[in-house]
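So you can see what is in the structure, the chains are spelled out below.
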Amino acid sequence: MAKVHVTTTINGEPTEFLCEPQQSLLDALRNNLGLTGTKEGCGTGDCGACSITLDGRLTCSCLVLAVEADGHSIGTIEGMAQGDKLHPLQRKFLEMAALQCGICTPGVLIAARALLEKNPNPTETEVRFGLAGNLCRCTGYDKIVRAVMDTAAEMRETAS
Amino acid sequence: MTEIRYLAPRTLEDAVSAFAAAQGAASGTARILAGGTDLLVQMRAGVVQPGTIIDIKKIEEVTAITEQPDGSFVIGAAVSGATLHDHPRFGKVWPGVLEAVNLIGSKQVQGRASPGGNLCNASPAGDSVPAMIAAGAVVTVQGPNGRRTLPVEKVPAGPGRTTLTPGEILVSFTLPARPAGSGDAYLRMIPRTEMDIAVVGCGVNLTMAGGKVTAARVGLGAVAPVPLLVEDAAKALIGSTLDEAALEAAAAACRAACNPINDKRGTIAYRTKVAGVLLKRTAAIAAERAGRK
Amino acid sequence: MNVITPTENKWIGARTVRPDGADKVTGRAAYAADTTMPGMIWGKVLRSPHAHAIIKSIDTSKAEALPGVKAVVTAKDIVDFPVDKSVMLGIQDMRWMCRNVMAREKALFHGHPIAAVAATTEATAAEACKLIEVEYEVLPHVIEIEDAIKPDAPILHDFLKHEGKPSNIAGTMVAKLGDIEQGFAEADVVIERTFRTRPVHQGYIEPQACTVSYAPDGRATIWSSSQGQFMVRAMTSLLTGVPQSNIRAIPAEIGGGFGAKTIIYLEPVALLLSKKSGRPVKMVMSRDEVMRATGPTSGSFSTVKIGAKKDGTIVAAQGTFYLQAGCLPGSPLRGPVGCSFAPYAIPHVLSVGYDVVSNRSKVAAYRAPGAPLGAYATECVLDELAEKLGIDPLELRHRNSAKTGMKAAYGATFNQVTFEETIEAIQNHEHYKSPLEKNPRPGIKRGRGVASGFWYNAGGESSAQVNLTEDGNVVVTTGHPDVGGSRASIANVTAELLGVEHDRVSVIIGDTASIGFSNLTGGSRVTFASAMVVTQSVEKVIGQLKERAAKIWKIDPEAVIYENGACRPAGPNAGQFPPLALKDLAAKANETGGPIGAGVQLNTQGADPGFATHVVDVEVDVDLGIVRVLRYTAAQDVGRALHPSYVEGQIQGGVVQGIGWALSEEYLYDRQGRLDNANFLDYRMPVCSDVPMIEAVVLEIPNPRHPQGVKGVGEAPIVPPLAAIANAVYDALGRRFYSLPMSPPKVTEVMDMKLAAE
Ligand SMILES: Cc1cc2nc3c(=O)[nH]c(=O)nc-3n(C[C@H](O)[C@H](O)[C@H](O)COP(=O)(O)OP(=O)(O)OC[C@H]3O[C@@H](n4cnc5c(N)ncnc54)[C@H](O)[C@@H]3O)c2cc1C
Ligand code: FES
Ligand code: FES
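On a predicted model such as this, the values are computed, not experimentally measured, just so you know. (Residues numbered from 1 in each chain as written. Chains lettered and ligands numbered in written order. Predicted model: local features only at pLDDT ≥ 70, side-chain atom pairs only at ≥ 80, totals over all residues. Heavy atoms only, no water.)

### Some remarks on the interface of chain A and chain B
Here's step 1: At the junction of the two partners, chain A supplies 30 residues and chain B supplies 30 residues.
Here's step 2: Buried area between chain A and chain B, both sides added, is near 2,400 Å², and the carbon and sulfur share of it is 62%.
Here's step 3: Among the residues of chain A in contact with chain B, R57(A), L63(A) and E68(A) are the three that bury the most area, contributing 24% of the side total.
Here's step 4: D86(B) serves as the salt-bridge partner of K118(A), at 3.0 Å between the closest nitrogen and oxygen. (Contact = heavy atoms within 4.5 Å. Buried area = accessible area lost by both parts, 1.4 Å probe. Salt bridge = Lys/Arg side-chain N within 4 Å of Asp/Glu carboxyl O.)

This is how it looks when you write it as structure tokens:
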């Protein structure tokens, strides 16, 4: 099958890869590019484990064709920390035990970052609806919501 | 295995001719790709196996949002829910349509899903469709024989089927200019608070003057093979002050219009009951937005 | 054993950052599907399109001829365990497991594996599956329990007999105390009700996956996510005939299991494909396959009858529990039969369970297997009883609580019963004491409900190795996959006992070749058992440290004490030498006798049962029938919270799973016996916006038979929610619901019936 050449930017790095026309971006990230931090929980848009940003917009990478990434920039969990400095959300998630098994965590973090970029001061309800596309079966969401709200407060403080 | 082609034309003309050519070819079907939130799921399940995928997101006209000088809005078919949400004016004029479009899926799905895809996927439960019907939206389609327009409710033909002819692409939705005292709303019943397909969806669009309804349109989703324009419900509302009797008459009209199925998402009895309940609740919100003037 | 009391601890009970945390928030942690191997190919499973069919023939020749296909396996390649002789591995019978991983005589459910293919790409393997020609003789199928136990029901297995006749009842279990007839004769009030629940799935977000490499020397390496690498090794060995010594099972990070990953589906198949193809093989299930073909927990059909005196003393309780096993025997009867009445001091008990097969996927364990079903029935009947007797429902439970030293109907004698404490914690909680506005707005009704729960908890085999590094740090290896923070707890215990900073301790999960046998992560046993073996290992390490210090000081080891991370001379030698820190002793290890480290392997004993009591407020949108949880408080005795955050997390997670079970999750089948909602959109697990914060009231009443006082935590939280929510809905609507989930159509139907009756 003829492969397609895709030129894109991943976590700020110019990246090229070959993929099949019908391959999902999730599949290409994981299997063609070795970026396995983005997880597959369903492959059909229902769980959010595959969350990435595409030109800064939150999406499910399982609902995007890899070829559609051509000319666009992708953000994945591997690009969330700056070098060895964790993003405040990552740090808070650790401090507040907002993960148990951790399989949902990359997707939750990407979605939470997108949420806080749009709304630096969310209410609990806004956090809950903002993360409704990210299933977590372990935590009951309690500690996730608290960690996101705490991070938001901390980031507002450091920003001011 | 069949070879799949991916095309991303930059003009509608190219898209239409590629679409028409591919549909005529023996190599299997061609599919338009907008947000892909239906198409990719269906491809993965093996329900559709397109030979050609035509991505329309590089075409300006189908991704633009324009507020016309006369106050009408033209929404490109492939505009994503998130983009529509970010538009500074649209949600102020058409809050009901916007909430319907924004109810589609999660924030992640919103990043891609389009009203055009929602309509052309032709699910009886598509959320934006009843709201668009209530809004009186008219769609523009372009095909090998040129352009035509038709009311949005004329597009769905049955579950998974539309009235678009081979080679035709949905270009945009036009929502009319609004008289003063207008408001619209959309509500759906889902068991969860998010991430669910509507068991019933209801869109109501009202214009009010002097406390009375002067114009009304009602759209209902997930209660029949296609989303419905419920004219009897609108008639029951027009001329009324949205008093309990008028609301009950409109709710009864909604229940009467239902022709649902028993399926995993709801029973016939439940759907029929809920159609009436939602009509009343949606009308109240629309009236609030119309200023009950 | 000395129990460590809270006051003197620095690390036990501290909310430390987990040792595996940074890997998990940066995407580095390797889960099962993240492994790749050079030369790796992909395996796919062909699944039955029928719910029930005889497999007359399988022709794989066309699939084998497809370019890129490297191997095909069918049931012929799996070790056959004849149906007339049971071969047990733990609680799993290999007769059923061999038929579950690959259909043998018959396809028993829609999705049952028929064959598997390995090919160079996933797409080729999928294509090849379609080329396999299977001749089926389709048989009538049966899905629901009530249908399966009818006299004329289609029989799944002729060899299963009940009362002498072929039957879908595959087995029974009985627990008995006193004389049930006499008990009811003594009762002033008797309430008997019948309840139904649907199968629900564990819903872990990580689908089953594995990579298996079978090398030409006959040695196999398995990377997979499971709740026990030793189970993976043993079961794969049994099903493939490869000896255990030739299998190395490496535990990948596990993306949730909740009991489901205590059995395997893919590993033996992948091993055989690897063996045939000479290539490493990777297999990953799709979500559809997970829902369709891995085990949910049983649906149930139960009748509970409870009799009490006017003063609220319960005198008799009878339970009849029919559980869905899926297509092969093995439903968790022990849960409802043993747990339902266990928290109560009831003199006359008869509890009977029936294991019923039908054409569904074989059930697998799910958190406190079976116990929630029994508690749902029992705790709802208790609520009615309390109402009828005019006694507060918590008070009724308190009055009838089992006591230390009593014998439960399931046979055990309780060492420590802390049920009353959990009830009191709720009674005294602000949540229970605060008023609830029952009619806040037109069309909205609110209600409050309570319920309790019991789980056995468990000990069992566990191994640990504690080694000091040359630079004076600590590496702990245990044999239990970490499903939700057990490494964090072990790091806390180790740091505490050795008196070192927490960040100097690494905790690693060993593979089957690097650590001794350790039983499954499940049944709320891991923290209990591994803390015990780690404690004993650390004690040995401390013994070695004392010996080394004594050697350096040339004094008797008995005259050395270890405290705050250093050896000090004691007794007559006190103050004679400056202390030798762990770090100093590690650096001198070679001069003083060699590397320092110790391991312990043990069949741990002394697990005490877990008790929980919950209170919940719900709100019902009456016209739409939607029930939402407004507030939830869960009290549980955990013995000792080694890491409080992960203890709370277990409780919060279990409660939300219970909320899903009560309100929205269910398996739905169509007329052909095909699962109709095999995805996360239609199988409705709670999303973030569906639930409130869950308050976990963590009671710490130390288990005297554990060095840190630990009890199991993970199972008990899912036991009370079904009944607590049902009782709250009753409080809101004045209508009892006897079947789950309390979905909107069901709620409106019951309410419309009520209106019609009024
Ligand atoms: C997790 C999840 C949740 C969802 N929740 C909802 C929900 O709550 N409510 C709801 O209504 N839907 C829901 N959906 C379905 C889907 O997101 C919507 O129908 C969405 O609007 C589809 O838009 P799209 O742009 O992604 O369409 P696509 O997938 O790109 O297209 C859908 C179909 O329409 C055709 N098509 C698209 N654009 C055109 C065009 N311009 N001209 C001709 N044909 C065209 C395509 O060929 C395809 O057959 C959900 C989907 C997922 C994955
Ligand atoms: S894997 Fe993409 S949403 Fe689940
Ligand atoms: S932590 Fe396991 S799914 Fe979220």
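### Some remarks on the packing of aromatic side chains
Here's step 1: Per the stated rule, a full pass over the model turns up 21 aromatic pairs over all chains.
Here's step 2: Aromatic side chains F73(B) and F90(B) sit 5.1 Å apart centroid to centroid with 85° between the ring planes, which places their arrangement in the edge-to-face category. Of this pair, F73(B) sits in strand β5 (residues 73–76) while F90(B) sits in helix α5 (residues 90–93), and the two are 17 residues apart along the sequence.
Here's step 3: Residue class for F90(B) comes out buried when judged on its relative accessible area of 0%.
Here's step 4: On the basis of an interplanar angle of 65° and a centroid distance of 5.1 Å, the ring pair of W455(C) and Y456(C) is categorised as edge-to-face.
Here's step 5: The buried category is assigned to Y456(C), whose relative accessible area is 7%.
Here's step 6: One aromatic cluster in this structure is built from Y344(C), Y410(C), F414(C), F419(C), F454(C), W455(C), Y456(C) and F611(C). (Phe/Tyr/Trp six-rings, centres within 6.5 Å; stacked < 30°, edge-to-face > 60°. Helix = DSSP H or I, 4+ residues; strand = E, 2+ residues; numbered from the N terminus. Buried < 20%, exposed > 50% of the residue type's maximum accessible area, 1.4 Å probe, protein only.)

### Some remarks on the sheet that holds strand β12 (residues 200–209) of chain B
Residues and elements named next belong to chain B.
Here's step 1: Across the sheet, four strands lie side by side as β11-β12-β13-β14; this open sheet has antiparallel pairing. Looking at the sheet topology across the chains shown, the edges are occupied by β11 (182–189) and β14 (228–229).
Here's step 2: With eight bridges connecting them, β11 and β12 associate as antiparallel partners. Its bridge partner being in β12, Y186 is matched across the sheet by G203.
Here's step 3: Packed on one face of the sheet, helix α12 (residues 268–290) meets β11, β12 and β13 (212–221) and runs near 150° to β11. (Pairing = 2+ DSSP bridges. Axes fitted to C-alpha atoms, helices over the stretch in contact; angles between N-to-C directions.)

### Let's talk about the interface of chain C and chain A
Here's step 1: Listed as interface residues are 51 residues of chain C and, on the opposing side, 42 residues of chain A.
Here's step 2: In this assembly, chain C packs against chain A so that about 3,900 Å² is buried in total across both faces, 60% of it on carbon and sulfur atoms.
Here's step 3: When residues of chain C are sorted by the area they lose upon contact with chain A, V25(C), C688(C) and M693(C) head the list and together hold 20% of the total.
Here's step 4: There are four salt bridges connecting chain C and chain A.
Here's step 5: Note that E665(C) and R137(A) form a salt bridge whose closest N and O atoms lie 2.8 Å from each other.
Here's step 6: The tally of links from chain C across to chain A stands at 20 residue pairs in polar contact (both at pLDDT 80 or more).
Here's step 7: For the side of chain C that touches chain A, the leading source of residues is helix α19 (residues 644–663) of chain C, giving nine residues. (Polar contact = N/O pair within 3.5 Å; in protein donor to acceptor, adjacent residues only side chain to side chain.)

### Comments concerning the packing of helix α11 (residues 244–257) of chain B against α12(B)
Residue and element names in this part refer to chain B.
Here's step 1: Two numbers describe how α11 lies on α12: the axes approach to 8 Å, and their chain directions differ by 140°. Accordingly, the angle class assigned to the pair α11 and α12 is oblique. Considering the relative orientation of α11 and α12, their crossing is right-handed. Where α11 approaches α12, its residues E244, L247, E248, A250, A251, C254 and R255 are matched on the opposing element by T272, K273, A275, G276, L279, K280 and A283. (Parallel < 35°, antiparallel > 145°, perpendicular 65-115°, else oblique. Left-handed = near helix turned anticlockwise from the far one by under 90°.)

### Structural notes on the nonpolar core
Here's step 1: With 189 residues, the main nonpolar core has F93(A), V148(A), M283(C), L385(C), I725(C) and M742(C) as its most contacted residues.
Here's step 2: Broken down by element, the residue count for this core peaks at 11 residues, all from helix α11 (residues 371–389) of chain C.
Here's step 3: Not counting chain neighbours up to four residues away, the residues in contact with I725(C) comprise V616(C), V618(C), V629(C), G658(C), I659(C), A662(C), L663(C) and M742(C).
Here's step 4: Listed in part, the 43 residues of the second largest apolar core include A529(C), I555(C), Y562(C) and V710(C). (Core = buried A, V, L, I, M, F, W, Y, C linked by side-chain atoms within 4.5 Å.)

### Topic: the domain arrangement of chain C
Residues and elements named next belong to chain C.
Here's step 1: When the domains of chain C are assigned, the result is domain 1 (6–29 + 458–604) and domain 2 (135–414).
Here's step 2: Averaged C-alpha coordinates put domain 1 and domain 2 at centres separated by 37 Å.
Here's step 3: In this complex, domain 1 contributes 20 residues to the contact, which on the side of domain 2 involves 15 residues.
Here's step 4: Together domain 1 and domain 2 conceal approximately 1,400 Å² of surface at their shared face, both sides included; 61% is due to carbon and sulfur atoms. (Domains from an automatic or database assignment.)

### Topic: the site of ligand 1
Here's step 1: As a structural note, the neighbourhood of ligand 1 is formed by 34 residues, with I32(B), T37(B), D38(B), S114(B) and D127(B) the closest of them.
Here's step 2: In this structure, ligand 1 is bordered by residues of chains A and B.
Here's step 3: Within the backbone of A34(B), a nitrogen or oxygen atom sits 2.8 Å from an oxygen atom of ligand 1.
Here's step 4: At 3.2 Å from an oxygen atom of ligand 1 is found a main-chain nitrogen or oxygen belonging to D196(B).
Here's step 5: Burial of ligand 1 by the surrounding chains reaches 96%, relative to a free accessible area of 970 Å².
Here's step 6: At the level of elements, β2 (30–33), α8 (115–121) and β10 (169–175) of chain B are the ones that each hand at least two residues to the shell around ligand 1.
Here's step 7: Examining the composition of the shell around ligand 1, we find that four residues originate from one element, α8(B), more than from any other.
Here's step 8: Within the shell around ligand 1, the residues separate by chemical class into 17 nonpolar, 11 polar and six charged. (Near = heavy atom within 4 Å. Areas by Shrake-Rupley, 256 points an atom, 1.4 Å probe, with all protein chains shown as cover. Nonpolar A, V, L, I, M, F, W, Y, C, P; charged D, E, K, R; others polar.)

### Quick notes on helix α1 (residues 12–24) of chain B
Three or four residues apart is the spacing at which side chains of an α-helix point the same way, because the helix has 3.6 residues per turn.
Residues and elements named next belong to chain B.
Here's step 1: Along its 13 residues, α1 runs 18 Å from first to last C-alpha, staying within 8% of the 18 Å computed at 1.5 Å per residue.
Here's step 2: Looking at α1, one finds that the buried residues are L12, A15, V16, A18, F19 and A22. Considered in projection along α1, the buried side chains sweep an arc of 170° and stay on one side of the axis. Residues of α1 that are exposed and point over 90 degrees away from its buried face: A21 and G24. (Expected span 1.5 Å × (residues − 1). Arc of directions from axis to C-beta.)

### Remarks on the domain arrangement of chain A
Residues and elements named next belong to chain A.
Here's step 1: On domain assignment, one finds that chain A holds domain 1 (4–79) and domain 2 (88–159).
Here's step 2: Look at where the C-alpha atoms of domain 1 and domain 2 centre, and you get two points 22 Å apart.
Here's step 3: With 15 residues of domain 1 in contact, the opposing surface of domain 2 contributes 13 residues.
Here's step 4: Across the domain 1 to domain 2 interface the summed buried area is about 1,000 Å²; carbon plus sulfur atoms make up 62%.
Here's step 5: Taken together, domain 1 and domain 2 are joined by zero salt bridges.
Here's step 6: Remark: the boundary between domain 1 and domain 2 carries three residue pairs in polar contact (both at pLDDT 80 or more).
Here's step 7: Contributing elements (two or more residues each) for the side of domain 1 that touches domain 2: β3 (51–54) and β4 (57–60).
Here's step 8: Here the element with the most residues in the side of domain 1 that touches domain 2 is β3; it accounts for three residues.
Here's step 9: When grouped by side-chain class, the residues that make up the side of domain 1 that touches domain 2 number five nonpolar, seven polar and three charged.

### A look at α11(B)
All names here are of chain B.
Here's step 1: Look at α11: 20 Å from first C-alpha to last across 14 residues, which is about the 20 Å you get at 1.5 Å a residue.
Here's step 2: For α11, the full list of buried residues reads A246, L247, A250, A251, A253 and C254. Projected down its long axis, α11 carries its buried residues within an arc of 155°, all on one side. Across from the buried face of α11, at angles greater than 90 degrees, the exposed residues are E244, A245 and A256.
Here's step 3: The secondary structure elements touched by the buried residues of α11 are β13, α10 (231–237) and α12.

### A few points about unusual backbone geometry
Here's step 1: The peptide bond linking L740(C) to P741(C) adopts the cis configuration, its omega dihedral lying at -5°.
Here's step 2: By the element assignment, P741(C) lies in the loop between α20 (721–733) and α21 (744–757).
Here's step 3: Positive phi, normally seen in glycine, also occurs at A222(B), with a value near 70°.
Here's step 4: Within the chain, L242(B) stands out as a residue other than glycine whose phi angle is a positive 65°.
Here's step 5: The exposure class of L242(B) is buried, given its relative accessible area of 8%.

### Let's talk about the pairing of strand β2 (residues 53–59) of chain C
Residue and element names in this part refer to chain C.
Here's step 1: Looking at chain direction, β2 and strand β6 (residues 106–107) are connected through two bridges and run antiparallel. Its bridge partner being in β6, A53 is matched across the sheet by A107.
Here's step 2: Pairing geometry for β2 and strand β8 (residues 133–138), over six bridges, is antiparallel. Paired with I58 across the bridge in β8 is V134.

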